[in-house]
Amino acid sequence: MPFFQEPPRLGNQFDDDPLLPSWIDRFVPSVTEELRSLGDVAVEYYGKQLADRENEPVLTQWDAWGNRIDKIEVSPLWHEAQKLAAKHGMVAAGYEAHYGKHARTHQFAVVHVLGPSLDVYSCPLAMTDGATRTLLSSGNRALIDRIVPRLTSRDPSIMWTSGQWMTERTGGSDVSQTETIAKPDGDGWRLYGTKWFTSATTSEMALTLARPEGNVLGSRGLALFFVELRDANGRLRNIQVNRLKDKLGTRKVPTAELTLDGTPATLVGAVTDGVRAITPMLSITRTWNAVSAVSGMRRGLALARDYARRRKAFGAMLVDKPLHADTLAMLEAEYAGAFCLAFRSVELLGSLDGGPDMEPGGLTPTGGNDADERLARALVPIAKLTTAKQAVAVISDAIEACGGAGYVEDTGLPRILADAQVLPIWEGTTNVLSLDTLRALGKGGALEAITAEVEGNCAAATDRGLARPIEAARAALRHATAWVVEAMPQPDRLEAGARRFALTLGRTLELALLCRHAQWCLDHGHGPRTAAAARRFAMNGVDLIGDAVLEDTKLLA
Ligand code: MFK
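Everything quoted here is computed from the prediction, not taken from an experiment.

Colleague: Any chance you could explain the packing of helix H9 (residues 370–400) against helix H15 (residues 498–523) here in plain terms?
Modeller: Helix packing geometry: the angle between the two helix axes and the distance between the axes. Orientation of H9 relative to H15, taken along the N-to-C sense of each, is 90°, at an axis distance of 9 Å. The angle between H9 and H15 places the two elements in the roughly perpendicular class. Contacts from Leu379, Ile382, Leu385, Thr386, Thr387, Lys389 and Gln390 in H9 reach Arg499, Ala502, Leu503, Leu505, Gly506, Arg507, Leu509 and Glu510 in H15. Across the contact of H9 with H15, the residue classes tally to 7 nonpolar, 4 polar and 4 charged.

So this is what it looks like as structure tokens:
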């Protein structure tokens, strides 16, 4: 009988997760059974995902009679994902009163368990969540009353998803150069321009930036608009889909280039300051990005761990080989740190929302307390940039741990890595977010908030076995703080070191949060595994601070 290797299999994606059950037990234990049952749904949809692997979105621009129709058909799994997402409240749960201030933890736990099996349907959901928060923050009562109930519905026949169109040919980072023009038209506006990266073009609505005619150049002159994509007959309203993007990953997502040629639009708020108006979207989608990064790592590691128990080489199972086990342990520690930071970001969103049950009807934000707001403003970009880089590195190693099979498309493994590569790009690159971190710290109070966060978590971790990782976190924080204070008056030095600084803060926060959670696990019967992750994370390295020699940079770049 010739040898055939058994493929890696997934177990229940709640129970098999080394962090999620204890995190949920700590913050919102009443959702444990719901998540456990979704853990099986995730396994079922992983199978469907493999079967659906080759289906990609198709754009049909013309009908048989020469009419421009620009119809996009998405994959069968995406149709199912739309229903699942509504039913399980992947957006709605964040706005429901039932779990009080832990509504966001509940919501993102569902996203974490189901997301990796839904072929990046998380992309339109992230923007839908961001659009909900942006509309709520805008105070535009007419739009809030008409649209938010759709975005937060659990009924698939009612729920809408939303796009977010910011990127133009002029760029995705510096949106101040936006070329789309808005012209007044009766009570509303019409938009003229080209949007270069519009994901979720099958959504019912979008929020977008445009410059009202005559406004000043730069981001202050932009305004935020609401666009309903189709008329009552399902026809696009003066929107042409030029083509779908031929992307490295996220190939199930119908990302398109659009021309807006007199597209009807509604002003969301003021006629200026659109970038500021859309910033609630950024905090939400960046947190989705962080959770997608950890859930992508989980999927890669779940398969690599299972494979290590099915694959024999050089006379032993891979898991029993010291070097293979050491590699998996290093990756699991990265996952554990990233998980804690992403879910801390989630928790802070909850306090920024003011909790979901702050008012009858439950959907108007009152804002959180000042300390949490200052912390969130810096922690969200740090969490996004740190976890995204970890995801690409960890998933790359996870598929390497499956050997050649990890490089063969029909195992489904390479797709996990290809999809992860968007995470450091989408919603702000690592460098843009490093600069955003500096800007957040420049507002005052944010570095103190981060220091208090690290110190508070370290102080709560009293077990002797955590002493070394705690010292590593404190030392990295001291080094980062000293560096930024010294570099502050030297703009070029500060900017050049911003990525190392932001990543050091990210890894320091991860380690401190991990130590705190490890202590909780030791105290509440969840065993010593998380403490082992904290020790190993510290060994992986935390402190990246350093100044490059400028002349070397010039020679190299
Ligand atoms: C899943 C499928 C994916 C498909 C493939 C996708 C491929 C990639 C497609 C893309 O292109 S994604 C790129 C998306 N783009 C971004 O996420 C934007 C990245 N750039 C930034 O985040 C810039 O920092 C930003 C555009 C916000 C800078 O804009 P400006 O024009 O320099 O504005 P400015 O003056 O810095 O900020 C305006 C106001 O917003 C200020 O408030 P004040 O007016 O009160 O002073 C800022 O403090 C505030 N602000 C800026 N960023 C903020 C913020 N407030 C809160 N949170 C933030 N993050």
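We are not done yet, so read on.
Colleague: Could you clarify how one ought to interpret the pattern of salt bridges in this entry?
Modeller: Counted by the stated rule, this structure contains 42 salt bridges. A salt bridge links Asp70 to Arg68; the nearest nitrogen and oxygen atoms lie 2.8 Å apart. Look at Asp70 and you get buried, because its relative accessible area is 6%. Look at Arg68 and you get partly exposed, because its relative accessible area is 31%. A salt bridge links Glu332 to Arg298; the nearest nitrogen and oxygen atoms lie 3.1 Å apart. Here Glu332, found in helix H8 (residues 322–353), pairs with Arg298, found in helix H7 (residues 274–308); they are 34 residues apart in sequence, far enough to count as distant. Judged by relative accessible area, which is 4%, Arg298 ranks as buried.

Colleague: Any chance you could explain the site of the ligand here in plain terms?
Modeller: Taken together, the neighbourhood of the ligand is formed by 26 residues, with Thr167, Gly172, Arg220, Arg286 and Arg439 sitting nearest. Note that a nitrogen atom of the ligand is positioned 2.9 Å from one of the backbone N or O atoms of Ser173. A distance of 3.5 Å is found between a nitrogen atom of the ligand and a side-chain nitrogen or oxygen belonging to Asp436. Burial of the ligand by the surrounding chains reaches 81%, relative to a free accessible area of 1200 Å².

Colleague: It is not clear to me how the environment of Glu80 should be interpreted in this structure. Could you clarify?
Modeller: By the element assignment, Glu80 lies in helix H3 (residues 76–87). Through-space distance from the C-alpha of Glu80 to that of Tyr45 is 9.6 Å; in sequence the pair is 35 residues apart.

Colleague: Where do I start with helix H4 (residues 103–114) in this structure?
Modeller: Since the α-helix turns once every 3.6 residues, residues separated by three or four places project in the same direction. Over its 12 residues, H4 extends 17 Å from the first C-alpha to the last, a length consistent with the 16 Å expected when each residue adds 1.5 Å. Burial within H4 is extensive, with 12 of its 12 residues counted as buried. Along H4, the residues classified as buried are Ala103, Arg104, Thr105, His106, Gln107, Phe108, Ala109, Val110, Val111, His112, Val113 and Leu114.

Colleague: Honestly, the nonpolar core in this entry has me stumped. Any pointers?
Modeller: Where a protein is soluble and globular, its nonpolar side chains tend to be buried together. The biggest cluster of nonpolar side chains holds 164 residues, and the ones touching the most others in it are Leu207, Phe225, Met297, Phe343 and Phe501. It is H7 that provides the largest number of residues to this core, a total of 16 residues. Each of two domains, domain 1 (162–274) and domain 2 (430–556), supplies a minimum of three residues to this core. Beyond its immediate sequence surroundings of up to four residues, Met297 is in contact with Tyr335, Ala338, Thr387, Gln390, Ala391, Val394 and Ile395.

Colleague: What's the story with the pairing of strand S9 (residues 256–267) in this structure? I'm lost.
Modeller: Both faces of the sheet carry side chains from a regular strand, because those side chains alternate between them. Of all 12 residues that make up S9, 9 are buried, and the element is covered over most of its length. Where strand S5 (residues 188–198) meets S9, 8 bridges bridge the pair, whose relative direction is antiparallel. Residue pairing for S9: Trp189 is matched across the bridge by Ala265. Pairing geometry for strand S7 (residues 223–228) and S9, over 2 bridges, is antiparallel. Across the sheet, Phe226 pairs through a bridge with Thr266, a residue of S9. Pairing of strand S8 (residues 239–244) with S9 involves 5 bridges; the strand directions are antiparallel. Within S9, the position partnered with Gln240 by the bridge is Thr259.

Colleague: Would you take a moment to explain the environment of Gly139 for this structure?
Modeller: One can find Gly139 in the loop between helix H5 (122–138) and helix H6 (141–151). Note: C-alpha distance between Gly139 and Gly506 (367 residues apart in sequence) is 33 Å.

Colleague: I tried to follow the state of the cysteines on my own but got confused; where do I start?
Modeller: Each disulfide consists of one covalent bond between the sulfur atoms belonging to two cysteines. If you walk through the whole model with that rule in mind, you get 0 disulfides. Just so you know, Cys458 is unpaired, no disulfide at all, and the nearest cysteine sulfur is the one on Cys515, 6.1 Å from it. A relative accessible area of 2% means that Cys458 is categorised as buried. With relative accessibility at 0%, the residue Cys515 sits in the buried group.

Colleague: How do you make sense of the domain arrangement of the protein chain when you look at a structure like this?
Modeller: Entries for the protein chain in the domain assignment read domain 1 (162–274) and domain 2 (430–556). Using only C-alpha atoms to locate each centre, domain 1 and domain 2 end up separated by 38 Å.

Colleague: Just to check I follow, could you spell out the packing of aromatic side chains for this structure?
Modeller: Centre-to-centre distance and the angle between the planes together describe a pair of aromatic rings. Using the criterion set out here, one finds 8 aromatic pairs in the structure. On the basis of an interplanar angle of 65° and a centroid distance of 5.6 Å, the ring pair of Trp189 and Phe225 is categorised as edge-to-face. Residue Trp189 is located in strand S5, and its partner Phe225 is located in strand S7; the two are separated by 36 residues in the primary sequence. Take Trp189: its relative accessible area is 15%, and that puts it in the buried class. Of the aromatic side chains, those joined through ring pairs into one cluster are Trp23, Phe27, Tyr335, Phe339 and Phe343.

Cut-offs applied
- Residues numbered from 1 in each chain as written.
- Predicted model: local features only at pLDDT ≥ 70, side-chain atom pairs only at ≥ 80, totals over all residues.
- Heavy atoms only, no water.
- Axes fitted to C-alpha atoms, helices over the stretch in contact; angles between N-to-C directions.
- Helix = DSSP H or I, 4+ residues; strand = E, 2+ residues; numbered from the N terminus.
- Parallel < 35°, antiparallel > 145°, perpendicular 65-115°, else oblique.
- Contact = heavy atoms within 4.5 Å.
- Nonpolar A, V, L, I, M, F, W, Y, C, P; charged D, E, K, R; others polar.
- Salt bridge = Lys/Arg side-chain N within 4 Å of Asp/Glu carboxyl O.
- Buried < 20%, exposed > 50% of the residue type's maximum accessible area, 1.4 Å probe, protein only.
- Near = heavy atom within 4 Å.
- Polar contact = N/O pair within 3.5 Å; in protein donor to acceptor, adjacent residues only side chain to side chain.
- Areas by Shrake-Rupley, 256 points an atom, 1.4 Å probe, with all protein chains shown as cover.
- Expected span 1.5 Å × (residues − 1).
- Core = buried A, V, L, I, M, F, W, Y, C linked by side-chain atoms within 4.5 Å.
- Domains from an automatic or database assignment.
- Pairing = 2+ DSSP bridges.
- Disulfide = S-S within 2.5 Å.
- Phe/Tyr/Trp six-rings, centres within 6.5 Å; stacked < 30°, edge-to-face > 60°.

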